[in-house]
Each structure stands twice: as structure tokens, then as C-alpha cells.
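# Examination of the molecular architecture
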Amino acid sequence: MLAAESAVDAVAAPPPLVSVTNVQKTYFTRQAPVHAVASASVNVARGEFVSLLGPSGCGKSTLLMMIAGLERPTGGSILLGGSEVKQPRRDIGVIFQDATLLPWKSALENVLFPIRILKLPIEAYRQRAGELLNMVGLSGFEHKKPSQLSGGMRQRVAICRALIHDPDILLMDEPFSALDAITRDQMNVALSEILETYKKTVIFVTHSIREAAFLSDRVVVMGGRPSTIMLDMQMPFRRPRRFEIEETPEFAAVCRKLRLTIEQAHGSPQPAQSPAVETRTLTFE
Ligand SMILES: Nc1ncnc2c1ncn2[C@@H]1O[C@H](COP(=O)(O)OP(=O)(O)OP(=O)(O)O)[C@@H](O)[C@H]1O
Ligand SMILES: [Mg+2]
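What comes next concerns the included structure.

What counts, and where the lines are drawn
Note on numbering: residues in each chain are counted from 1, in written sequence order. The order in which chains are written sets their letters, starting at A; the order in which ligands are written sets their numbers, starting at 1. For this predicted model, a pLDDT threshold of at least 70 governs which residues receive local features, and a threshold of 80 or more governs which side-chain atom pairs are given and counted, while totals over whole chains, interfaces and linings are taken from all residues. Helical segments are the DSSP runs of H or I of at least four residues, strand segments are the runs of E of at least two, and each set is numbered from the N terminus. Counting other C-beta atoms within 10 Å of its own, a residue is labelled buried from 20 upward, exposed at 12 or fewer, and partly exposed in the gap between, with every C-beta atom placed from the backbone. Any residue qualifies as near a molecule or strand once its backbone-derived C-beta atom lies within 6 Å of it. Side-chain classes follow a simple rule in which Ala, Val, Leu, Ile, Met, Phe, Trp, Tyr, Cys and Pro form the nonpolar group, Asp, Glu, Lys and Arg form the charged group, and the remainder, Gly included, forms the polar group. Residues enter a nonpolar core if they are buried, belong to Ala, Val, Leu, Ile, Met, Phe, Trp, Tyr or Cys, and are joined to the set through C-beta atoms within 7 Å. Contact definition: two residues whose C-beta atoms, as placed from backbone geometry, lie within 7 Å. To estimate how far a helix should reach, multiply one less than its number of residues by 1.5 Å. In this analysis an axis means a line fitted to C-alpha atoms, helices contributing only their contacting stretch, and an angle means the value between N-to-C directions, from 0 to 180 degrees. If you view the pair so one helix is near and one far, a crossing is left-handed when the near helix is turned anticlockwise from the far one by less than a right angle, and right-handed when it is turned clockwise. Any angle between 65 and 115 degrees counts as roughly perpendicular, while under 35 counts as roughly parallel, over 145 as roughly antiparallel, and the rest as oblique. Pairing between two strands requires that DSSP report at least two bridges joining them. A clockwise path from the first strand over the helix to the second, with the strands pointing away from the viewer, defines a right-handed crossover.

### Let's talk about the overall build of the protein
On a plain count of helices and strands, the protein comes out with 7 helices and 12 strands. Looking at the protein as a whole, 36% of its 285 residues qualify as buried.

### Some thoughts on the site of ligand 1
Close contacts around ligand 1 come from Tyr27, Thr29, Val34, Ala36, Gly54, Ser56, Gly57, Cys58, Gly59, Lys60, Ser61 and Thr62, and that covers them all. Elements with a contribution of two residues or more to the shell around ligand 1: strand E3 (34-45) and helix H1 (60-67). With 3 residues, H1 is the largest single contributor of residues to the shell around ligand 1. Looking at the shell around ligand 1, its residues break down into 4 nonpolar, 7 polar and 1 charged.

### Quick notes on the nonpolar core
Taken as a class, soluble globular proteins show a tendency for nonpolar side chains to be buried jointly. Membership of the largest hydrophobic core comes to 73 residues, with the highest contact counts inside it found for Ile67, Val111, Cys160, Leu171 and Val221. With residues up to four places along the chain from it excluded, the contact list for Val221 reads Leu53, Gly54, Met230, Leu231, Leu258, Thr261, Ile262 and Ala265.

### Structural notes on helix H4 (residues 151-163)
Its 13 residues give H4 an end-to-end C-alpha distance of 19 Å, which sits within 8% of 18 Å, the value for a rise of 1.5 Å per residue. By the criterion of burial, H4 is predominantly enclosed, with 12 of the 13 residues buried. All buried positions along H4 are accounted for by Gly152, Met153, Arg154, Gln155, Arg156, Val157, Ala158, Ile159, Cys160, Arg161, Ala162 and Leu163. Packing partners of the buried residues in H4 comprise strand E7 (92-95), helix H2 (107-117), helix H3 (122-135), strand E8 (169-173) and helix H5 (181-197).

### With respect to the packing of H2 against H4
Where H2 meets H4, the axes come as close as 7 Å, and the angle between the chain directions of the two elements is 30°. Classified by chirality, the crossing of H4 by H2 is right-handed. Every residue of H4 that contacts H2 at Ala107, Asn110, Val111, Phe113 and Pro114 is listed here: Val157, Cys160 and Arg161. Among the residues making up the contact of H2 with H4, the classes are represented as 6 nonpolar, 1 polar and 1 charged.

### Side note on the packing of H2 against H3
Between H2 and H3, whose axes approach to 9 Å, the crossing angle comes to 135°. Classified by the angle between their axes, H2 and H3 sit oblique to one another. H2 and H3 meet at a crossing whose hand is right-handed. Of H3, the residues touching H2 (which contributes Ala107, Leu108, Val111, Leu112, Ile115 and Arg116) are Ile122, Tyr125, Arg126, Ala129, Leu132 and Leu133. Tallied by class, the residues present in the contact of H2 with H3 amount to 10 nonpolar, no polar and 2 charged.

### Things to note about the pairing of E8
A large share of E8 lies buried, amounting to 5 of its 5 residues. Residue alternation in E8 divides its side chains into two sets, Ile169, Leu171 and Asp173 and Leu170 and Met172, and both sets are buried. Note: E7 against E8, 4 bridges, orientation parallel. Across the sheet, residue Ile92 finds its bridge partner in E8, namely Ile169. The pairing of E8 with strand E9 (residues 201-206) spans 5 bridges and is classified as parallel. Of the residues in E9, the one forming a bridge with Leu170 is Val202. Following the chain from E8 across H5 to the adjacent parallel E9, one finds a crossover that is right-handed.

### Regarding the pairing of strand E5 (residues 75-80)
Here strand E2 (residues 16-27) pairs with E5 via 5 bridges, running antiparallel. Within E5, the position partnered with Thr21 by the bridge is Ser77. Of the strand pairs in this sheet, E5 and strand E6 (residues 83-84) are connected by 2 bridges, and their pairing is antiparallel. Paired with Leu80 across the strands is Ser83, a residue of E6. A loop of 2 residues connects E5 with E6, the two strands running antiparallel in sequence, and Gly81 in this loop sits at a positive phi of about 55°.

What follows is the structure, given as C-alpha cells:
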């Protein structure tokens, strides 16, 4: 039986590593200003995997880039471990939708690229780069150029590149959206395994309800124009997760709830004020 509770267990909540409070973003363009994010508040605890889900153009990438320090908010605050994010930081690794590898460098050299940028000793990181590539199933491909790799392989190189300097936080913007369904499923499993080994805090943008439900501890739905946070929902599935959970009625119920909220986000008129965020935990008995 499905029971829904609207309460969050505030007592058990650990202090947030990432704290986004009433963040707003307006892009000032030559034409009219673009109100990309009206108000977003979300906390992410250390080790948590939180997905941002929502219709195209609702400000998911904008929010992620602000957390990365690549865009400045026009209002509100973003704190990482208590200090304000003002610029890109070493403790954050970013993975973009497109793998954005340097085409003239090998897979190994691409993974090591942040080490060169950060002026850290390359030799000390060469072994780690090899281990990471091995972990994502790319041993033997270290010296291949991106053009000799498939899309999924390139994205795996990009994941290794984001992990090479051991950041606490991974920000991932639709990293698997260009992949076919089977490769995407494989990448989801690979990512779960990587995170079981290298404990990271992850904020993950996706359009895929299934992907968000499978990977996340919490799913945050953004929507409205300009956007706000419409739902912040705990995923009630134990870890480690295997694909079988996707066959369960519980998984279907969670996906249905997320889909209905996104549909509402698509259709909803611009809110006069920030609507109250619905915080929800589904429990199954
Ligand atoms: N640099 C920019 N200058 C002006 N407007 C921008 C800029 N970047 C994004 N926008 C606008 O801000 C809004 C939010 O864009 P954003 O890319 O964050 O959406 P998104 O939710 O990531 O969409 P998608 O799912 O399609 O990637 C959109 O209306 C977009 O046109
Ligand atoms: Mg985007």
C-alpha cells in the first residue's frame, strides 16, 4: 500500500554541504531581461545525490552553473561548506552535456588536463588517471583520441576528468542525454558504481524521470516561468540499486508523481509569489 507523508524529518537532517537560498537569476540581454530563475532554495547534504528535473528552459542549467561559480546569482545566496560561491572552485567538478574533450589530446591527457590547469604535479596523478579510466571500462583506450571513441566512451572520459582532482562535489548537466537508451542505462549503472567507490555529493540535471528516480536520493522538480522549485521528493529505494527496481510498483508510483508535477510545471502560469515547495516522502507498506 502506498502512503504519502508531507513532513520532512528535520531532526535527522545533516547540515547541508550546498545551501541554495532564495536564489534568483535574471540575464540582462540587449533585448528584454530574461528572468531565468525566480526563486530557488535547495539544500544538499554531504554524500547526497540530488537531481534537478523540469521542462526545457526552466533554469536547471542556470542554477547548476551558479552553484559551479560560473554564473553569478542576481539575488539570494549559494554557500558551499558555509562559504559563498564567487568563482569556480577546486572542490567542484563539472560535467557538461557535451563531453567537451580536447580533440588533439588522448583520453589519458584529457583526464589529466585539470591537473595541468591547476598546476599540480602531473606524474603524481598519472596512476590515478589510469585507475579511473580502468574503472569506467576504458583500459586499453588511454591513448586514443576523442574522435576514435564512441559518445558513451567520451562521456566516461569526461567523468574521469571531473574526478581526477578528487572534488567533493560533482555537478552534472544532462551528461547522458545524447546517448542511446542501452548505453544510457549502462552509464547509469557505471555512475552508481563510481559513486559507491568515490563517495561524492552530486547535483545532476536530467530530463529523464526514470534516470532521476533510479540514481537519486532526492529529486527536485523546477517549473513555472520564471521558475521556482515545485517539489522536493525523497526517493524511497535502498542502495545499492539494480535495474530490477524499475519493474516495481513503487518505482512506477514515484515516476507518476514526478511526471504529474512536471506536467503541472509545463502548464502552470507564472506564479505571483513563490509557491510553497511541496516536500514529500513516499513510503510503501
Ligand atoms: N546566457 C544567457 N543569456 C540570456 N538568457 C539565457 C542565458 N542562458 C540561459 N538563458 C535563458 O534562461 C532560461 C533558462 O535557461 P536554462 O539553460 O537554465 O534552462 P534549462 O532548464 O537548463 O533548459 P534545458 O532543459 O533546455 O537545458 C531560458 O529562457 C534561456 O533562454
Ligand atoms: Mg540545460
